[in-house]
Amino acid sequence: MVMMAAAGNESPNRNSEDKTSSRRQNEVNKKLKYTSLAILVIQNASLILSIRYVRTLPGDHFYTTSAVVMAEVLKVITCLFIILIQKRGNVKSFVSLLYDSIVIQYWDTLKLAVPSLIYTLQNNLQYVAISNLPAATFQVTYQLKILTTALFSVLMLRKSLSRIQWISLVLLFAGVAIVQVEQESGKQKEAVTAANQNYFKGLLSVIISCLSSGFAGVYFEKILKGSSASVWMRNIQLGIFGTVLGLLGMWWNDGAAIAEKGFLFGYTPMVWGVIFNQAFGGLLVAVVVKYADNILKGFATSFSIIVSTITSVYLFGFHVDLVFTLGAGLVIGAVYMYSLPKANTSTSSTSAASSSKAGESELDAFLPNHKAPGKKKGN
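About the criteria used
As a convention, each chain's residues are numbered from 1 in the sequence order in which they are written. Where totals are concerned, whole chains, interfaces and linings use all residues; where local detail is concerned, this predicted model gives features only for residues with pLDDT of at least 70, and gives and counts side-chain atom pairs only at 80 or more. Only hydrogens and water are set aside; all other atoms, that is, all heavy atoms of the structure, feed into the side-chain values. Runs of H or I in DSSP of at least four residues are treated as helices and runs of E of at least two as strands, each being numbered from the N terminus. Partly exposed describes any residue whose relative accessible area lies between the buried limit of under 20% and the exposed limit of over 50%, with all areas from a 1.4 Å probe on protein chains only and scaled to the type maximum. Here, the term nonpolar core denotes a set of buried Ala, Val, Leu, Ile, Met, Phe, Trp, Tyr and Cys residues that are joined through side-chain atoms within 4.5 Å. Any carboxyl oxygen of Asp or Glu within 4 Å of a side-chain nitrogen of Lys or Arg constitutes a salt bridge here. pLDDT expresses how confident the predictor is about each individual residue, on a scale running from 0 to 100. We call two residues in contact whenever any of their non-hydrogen atoms come within 4.5 Å of each other. In this scheme, a helix's expected span is set at 1.5 Å multiplied by one less than its residue total. To define axes, lines are fitted to C-alpha atoms, for helices over the stretch in contact only, and angles between the resulting N-to-C directions are given on a 0 to 180 degree scale. The cut-offs work like this: below 35 degrees is roughly parallel, past 145 is roughly antiparallel, 65 to 115 is roughly perpendicular, and the gaps in between are oblique. Whether a crossing is left-handed or right-handed is set by the direction in which the near helix is turned from the far one by less than a right angle, anticlockwise for left-handed and clockwise for right-handed.

*Asks:* Can you walk me through the overall build of the protein chain in this structure?
*Replies:* For the protein chain, the count of helices and strands is 15 helices and zero strands. Taken across its 379 residues, the protein chain has 47% of its residues classed as buried.

*Asks:* How do you make sense of the nonpolar core when you look at a structure like this?
*Replies:* The nonpolar side chains of a soluble globular protein tend to be buried, and buried together. Membership of the largest hydrophobic core comes to 47 residues, with the highest contact counts inside it found for Phe 138, Val 140, Val 206 and Ile 275. If you look at the next biggest cluster of nonpolar residues, it comprises nine residues, including Val 76, Phe 94, Trp 232 and Ile 236.

*Asks:* Sorry if this is basic, but what is going on with the pattern of salt bridges here?
*Replies:* When their charged atoms lie close together, side chains carrying opposite charge are able to pair. All told, the structure shown has two salt bridges when counted by the stated rule. Between Glu 72 and Lys 75 there is a salt bridge, with the nearest N and O atoms lying 3.7 Å from each other. Taken together, the positions of Glu 72 and Lys 75, both in helix H2 (residues 64-86) and three residues apart, correspond to about one turn of that helix. A residue is classified by how much of its surface remains accessible, and Glu 72, at 4% relative accessible area, is buried. Among the salt bridges present, the one from Asp 108 reaches Arg 234, with a minimum N-O distance of 3.0 Å. Pair noted here: Asp 108 is in helix H4 (residues 106-110) and Arg 234 is in helix H11 (residues 231-261), with a separation of 126 residues, a long-range link. You'll find Asp 108 and Arg 234 in the same group, each marked buried.

*Asks:* Would you mind showing me how to read the confidence of the model for the protein chain here?
*Replies:* Where the model shows low pLDDT, its predicted coordinates should not be examined in detail. Mean pLDDT over the protein chain: 77, with 73% of residues reaching 70 or higher. Segment residues 345-379: pLDDT under 50, and 137 contacts once partners within four positions in sequence are set aside and those in other chains are kept.

*Asks:* In this structure, what is going on with helix H5 (residues 113-132)? I would like to understand it.
*Replies:* Residues separated by three or four positions in an α-helix point in the same direction, a consequence of the helix having 3.6 residues per turn. In a regular helix each residue adds 1.5 Å, so 20 residues correspond to 28 Å; H5 covers 29 Å between its end C-alpha atoms and thus fits that length. Taking burial as the measure, the 20 residues of H5 include 15 buried ones, the bulk of the element.

*Asks:* Honestly, the side chain of Thr 65 in this entry has me stumped. Any pointers?
*Replies:* Along the polypeptide, Thr 65 turns up in helix H2. Beyond its immediate chain neighbours, meaning those up to four positions away, Thr 65 contacts Asn 124, Gly 249, Met 250, Asn 253, Asp 254 and Ile 258.

*Asks:* Which parts of the structure should I look at to understand the packing of H2 against H5?
*Replies:* Running from N to C, H2 and H5 cross one another at 135°; their axes reach a closest spacing of 10 Å. Relative to H5, the element H2 lies oblique. Taken as a pair, H2 and H5 cross one another with a handedness that is right-handed. Between H2 and H5, the residues in contact are Thr 64, Thr 65, Ala 67, Val 68 and Glu 72 and Thr 120, Asn 123, Asn 124 and Tyr 127, respectively.

Shown next, in the form of structure tokens:
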């Protein structure tokens with residue numbers, strides 16, 4: 001009887017402790033979600049604004065091809081360090097894992113040469129685009145990567161999109177088109193031309209970047225689905241190819257100039273900030289996304305467009321009129337609509353997991369934007 005009474009008293013206490021623990025966990029998760037939102041917004045907006053800023057400053061400019069290589073090297077070093085920590089500092093186990101994943105399973109590694117080539121191209125194109133387009137215009141236009149990713153997902157992965165998602169893609173295209181038409185006939189193009197920048201070169205670069213981001217992100221997701229390798233290891237494999245391909249691109253485009261002036265020519269603390277943001281931004285967001293849902297990611301992207309536009313007004317004298325506001329508003333609404341879960345509750349969890357995995361792929365690779373551990377190369 002005494003034992004039964006003690007057990008009876010223990011059960012309510014345990015339930016109470018479980019409820020308290022669950023409540024605390026919910027509060028922690030809620031705080032992490034809002035922290036995730038802030039980090040996503042800051043990372044999305046700051047990378048584009050900082051690249052635009054350093055590329056429009058007077059004086060000698062750094063070589064963007066060297067910056068792409070440096071970002072890849074830093075990303076590889078970071079992922080190696082993370083895996084070493086996961087192995088609790090056991091160097092033998094660490095080296096064995098690298099040898100097995102990269103050398104023994106060489107065919108698996110070679111599969112990543114394709115997305116790595118595309119991400120290297122995409123990273124270089126982003127510098128070209130941001131150097132020739134207003135930051136806000138680039139931010140809005142770059143959301144076309146959602147459209148290209150969706151189309152490649154349907155074609156390559158046989159995914160189905162909800163009616164709301166299809167509508168959002170139409171609105172996205174319409175919004176970007178309105179912004180581009182407004183830019184073509186507005187003061188922004190005049191300002192860009194006056195600053196010795198090529199608007200059409202920037203526009204072509206961002207369109208190719210969106211196409212490459214969509215294809216590479218879906219291709220990377222397809223590889224991840226058929227592999228047990230960690231995302232950190234995948235980023236090392238991507239980074240190895242990215243570094244080699246980046247060096248080839250650097251030699252081809254700026255080899256003579258870099259041989260004369262040096263690899264780090266034009267590097268300032270601000271340039272280093274851009275490179276660190278590009279290298280670690282995708283990995284940071286990848287970790288953060290664990291605590292955020294797809295809707296929050298869409299909201300963060302939309303909010304970062306607003307932040308970029310407002311900041312561009314003060315930093316670069318960007319002119320916002322009614323037409324640009326309409327186009328940007330359509331894009332912001334489309335991004336949020338596309339991130340909403342499908343109406344069919346029976347498949348919502350599967351669909352959410354699938355979209356989450358796609359987003360993680362892109363974030364891990366870039367920077368994919370496009371393009372994440374625990375679940376993009378890039379804007």
